[in-house]
Amino acid sequence: SSDLIRLAESIVKRTGYSKVLFSNSGAESWDAAMKLARMHGSLSGKTGDVIGLSGGFHGRTYGALSTMDKALYKDGMGPFLPNSTVIPFNDIEALRAAVNDSTCAVGLEFIQGEGGLRSLSSDYVAALDDLRRSHGFLVIADEVQTGVGRTGDFFAFEQFGFLPDIVTMAKGIGGGLPLGAVLVSEALRST
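Below is a summary of the structure that appears in this document. (Residues numbered from 1 in each chain as written. Predicted model: local features only at pLDDT ≥ 70, side-chain atom pairs only at ≥ 80, totals over all residues. Heavy atoms only, no water.)

### Concerning the packing of aromatic side chains
Counted under the stated rule, the structure contains 6 aromatic pairs. Measuring from ring centre to ring centre gives 5.0 Å for Phe57 and Tyr73, while their planes differ by 50°; the resulting arrangement is tilted. Of the two residues, Phe57 sits in the loop between strand 2 (50-53) and helix 3 (62-66) while Tyr73 sits in helix 4 (residues 71-74), which places them 16 residues apart along the sequence. Tyr73 gets classed as buried once you look at its relative accessible area, which sits at 15%. Of note, Lys74 hangs over the ring of Phe80, and the distance from its end group to the ring centre comes to 4.5 Å. (Phe/Tyr/Trp six-rings, centres within 6.5 Å; stacked < 30°, edge-to-face > 60°. Helix = DSSP H or I, 4+ residues; strand = E, 2+ residues; numbered from the N terminus. Buried < 20%, exposed > 50% of the residue type's maximum accessible area, 1.4 Å probe, protein only. Lys NZ or Arg CZ within 6 Å of the ring centre and 35° of its normal.)

### What to know about the pairing of strand 5 (residues 138-142)
Taking burial as the measure, the 5 residues of strand 5 include 5 buried ones, the bulk of the element. Residues of strand 5 alternate between two faces, with Leu138, Ile140 and Asp142 on one and Val139 and Ala141 on the opposite face, all of them buried. Across 4 bridges, the pairing between strand 4 (residues 105-108) and strand 5 is parallel. Bridge assignment links Gly107 to a residue of strand 5, and that residue is Ile140. (Pairing = 2+ DSSP bridges.)

### Some words on the pattern of salt bridges
On inspection of all chains with the given rule, the structure shows 7 salt bridges. Notably, a salt bridge pairs Arg96 with Glu93, separated by 2.7 Å at the nearest N-O pair. In this pair, Arg96 and Glu93 are both assigned in helix 5 (residues 92-98), 3 residues apart and thus about one turn of the helix distant. By relative accessible area, Arg96 is classed as partly exposed at 44%. Between Asp129 and Arg132 there is a salt bridge, with the nearest N and O atoms lying 3.1 Å from each other. Residue Asp129 and its partner Arg132 are both found in helix 6 (residues 122-135); the two are separated by 3 residues, about one turn of the helix. (Salt bridge = Lys/Arg side-chain N within 4 Å of Asp/Glu carboxyl O.)

### Points about the sheet that holds strand 7 (residues 180-184)
As summarised here, the arrangement of the 7 strands in space is 1-7-6-5-4-2-3, forming an open sheet in which the pairing is mixed. Two strands bound the open sheet, and with one partner strand each, they are strand 1 (19-23) and strand 3 (84-87). Averaged over all adjacent pairs, the angle separating strand axes in this sheet is 20°, with direction ignored. Pairing analysis gives 4 bridges linking strand 6 (residues 166-169) to strand 7, with the strands arranged antiparallel. In the sheet register, Ile166 faces strand 7, and the bridge partner there is Val184. Here helix 1 (residues 2-15) sits on the sheet in contact with strand 1, strand 6 and strand 7, set at roughly 130° to strand 1. (Axes fitted to C-alpha atoms, helices over the stretch in contact; angles between N-to-C directions. Contact = heavy atoms within 4.5 Å.)

As structure tokens, this is what we get:
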């Protein structure tokens, strides 16, 4: 509809991302982001892990559960998606050990909500950026709980001067309606 087109245009103008894909929820946005990362990875030989961080929460779908470690949501629900793993939050050495030239993506919340309101350290984000440049994996930022000004900036990742490849949004743009979005960088526009 024209309202969705206007919303997409507003989001693109405000964020600088080049494409918006709407969904019904944050979990659907996360799964769509994983699918986009996998599609991009299959074209570029990045068919290894999609990595999540401990304490993260991305929803209750199998894609989301596969990149989380919360027993409350996962117990009795496996097996989960292959080539998905979870590493310790804010642990630079664990990140270095987990990524390589076949890594598809690292998906994370820059400030965790359900994880206890924990923020990534600036050193961790700098290491993530260096490793992304070295290995060519994508970074997916989950901004469902922190986006749309909830941390003082429009996105939490802006506090780090970092630009993720894919961003998931939901709660803040819906105003109570079931609305989510995935933002895609120019480099992934054709994916």
